[in-house]
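As a plain string of letters, each chain reads:
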Amino acid sequence: MLEAIPSRYIIIASTLMAIFMGTFIMMMRLRSQKKPVNAKKILIPPIAMSTGALMFIFEEFRVPPLQILEAVIVGIIFSIVLITTSKFEIRNNEIYMKRSKAFFIILVSLLLIRIAGKIVLTDSFDPGELAGMFWILAFAMLWPWRIAMFIQYKKIEKSNLVN
């Protein structure tokens, strides 16, 4: 399926897509800080992202077990950074994400690290396999972060009896 397209074009297209998606997500995150959060808003993104696992139906995207482990470890490390910078606050008896200047810088840094990693790893991995690895990395980053946010949200909700 992907063999007909030169790998450099696939890498360029996927890198541009990563930049576009990263920018879109950052804009959404910054905008969402102006609205109260709820359990649904915290848990829907990782559930929606899980549909991306369907890519592994296709042979081109399958990743060997060692690379799965590596991607999961890097994703968890990235999630720790996000967990430490994601805090909540109560305003007008509702729970909001606390604004953090570091959060935007961290999101941009993670995007740049991901793009640099993709460029460096392009020569070592097939483009489809690399796409699978980066999806696993993102998924392994998103789930722990959102679970930690959900736990923190529930603690605040319970302790303050908000709504």
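Residues numbered from 1 in each chain as written. Predicted model: local features only at pLDDT ≥ 70, side-chain atom pairs only at ≥ 80, totals over all residues. Heavy atoms only, no water.

### Side note on a nonpolar patch on the surface
Reasoning step 1: A cluster of nonpolar side chains, namely M17, F20, M21, F24, I25 and M28, defines an oily patch on the protein surface of about 570 Å² accessible area.
Reasoning step 2: Here M17 is to be found in helix α1 (residues 7-32). (Patch = residues over 30% accessible without salt bridge, like charges linked within 9 Å, V, L, I, M, F, W, Y side chains within 5 Å. Areas by Shrake-Rupley, 256 points an atom, 1.4 Å probe, with all protein chains shown as cover. Salt bridge = Lys/Arg side-chain N within 4 Å of Asp/Glu carboxyl O. Helix = DSSP H or I, 4+ residues; strand = E, 2+ residues; numbered from the N terminus.)

### A look at the nonpolar core
Note on soluble globular proteins: their nonpolar side chains tend to be buried together.
Reasoning step 1: Membership of the largest hydrophobic core comes to 32 residues, with the highest contact counts inside it found for L82 and F88.
Reasoning step 2: Contributions of two or more residues to this core are made by α1, α3 (65-85), β2 (94-97), α4 (101-121) and α5 (127-160).
Reasoning step 3: Ranked by residues supplied to this core, first place goes to α5 with 12 residues.
Reasoning step 4: Excluding its chain neighbours within four sequence positions, the residues that come into contact with L82 are F103, I106, L107, L110, M141 and W145. (Core = buried A, V, L, I, M, F, W, Y, C linked by side-chain atoms within 4.5 Å. Buried < 20%, exposed > 50% of the residue type's maximum accessible area, 1.4 Å probe, protein only. Contact = heavy atoms within 4.5 Å.)

### Considerations on the side chain of E129
Reasoning step 1: Relative to the helices and strands, E129 is located in helix α5.
Reasoning step 2: The side chain of E129 is buried and forms no salt bridge, while R62, the nearest opposite charge, is found at 11 Å.
Reasoning step 3: Residues contacting E129, with those up to four places away along its chain left out, are E60, F61, R62, V63, P64 and Q67. (Lys, Arg positive; Asp, Glu negative; His and termini not counted.)

### Concerning the pattern of salt bridges
Proximity of charged atoms lets side chains of opposite charge pair with each other.
Reasoning step 1: What the rule picks out here adds up to 3 salt bridges.
Reasoning step 2: The residue R62 makes a salt bridge to E59 at a minimum N-O spacing of 2.7 Å.
Reasoning step 3: For R62, a relative accessible area of 39% puts it in the partly exposed group.
Reasoning step 4: Between E89 and R91 there is a salt bridge whose closest N-O contact spans 2.9 Å.

### A few points about the packing of α3 against α4
Reasoning step 1: At a minimum axis separation of 10 Å, α3 and α4 run at an interaxial angle of 170°. Classed by the angle they form, the pair α3 and α4 counts as roughly antiparallel. When α3 is examined against α4, the residues F78, V81, L82 and T85 are found in contact with a partner set consisting of F103, I106, L107, L110 and I113.
Reasoning step 2: For the contact of α3 with α4, the residue count by class is 8 nonpolar, 1 polar and no charged. (Axes fitted to C-alpha atoms, helices over the stretch in contact; angles between N-to-C directions. Parallel < 35°, antiparallel > 145°, perpendicular 65-115°, else oblique. Nonpolar A, V, L, I, M, F, W, Y, C, P; charged D, E, K, R; others polar.)

### A look at a positive patch on the surface
Reasoning step 1: A cluster of basic side chains, namely R31, K34, K35, K41 and R99, defines a positive patch on the protein surface.
Reasoning step 2: Residue position: K35 is located in the loop between α1 and α2 (39-49).
Reasoning step 3: Owing to a relative accessible area of 47%, K35 belongs among the partly exposed residues under this scheme. (Charge placed at Lys NZ, Arg CZ, Asp CG, Glu CD.)

### A word on unusual backbone geometry
Reasoning step 1: Located in the positive-phi region is N92, a residue other than glycine, with phi close to 55°.
Reasoning step 2: A relative accessible area of 70% means that N92 is categorised as exposed.

### Topic: the packing of α4 against α5
Two packed helices can be described by the angle between their axes and the distance between those axes.
Reasoning step 1: Where α4 meets α5, the closest approach of the two axes is 11 Å, and the angle between their N-to-C directions is 155°. In terms of orientation, α4 lies roughly antiparallel with respect to α5. Relative to α5, the crossing made by α4 is right-handed. Between α4, through F103, L110, R114, G117, K118 and L121, and α5, the contact on the second element is made entirely by L130, F134, M141 and W145.
Reasoning step 2: Its residues assigned to classes, the contact of α4 with α5 comprises 7 nonpolar, 1 polar and 2 charged. (Left-handed = near helix turned anticlockwise from the far one by under 90°.)

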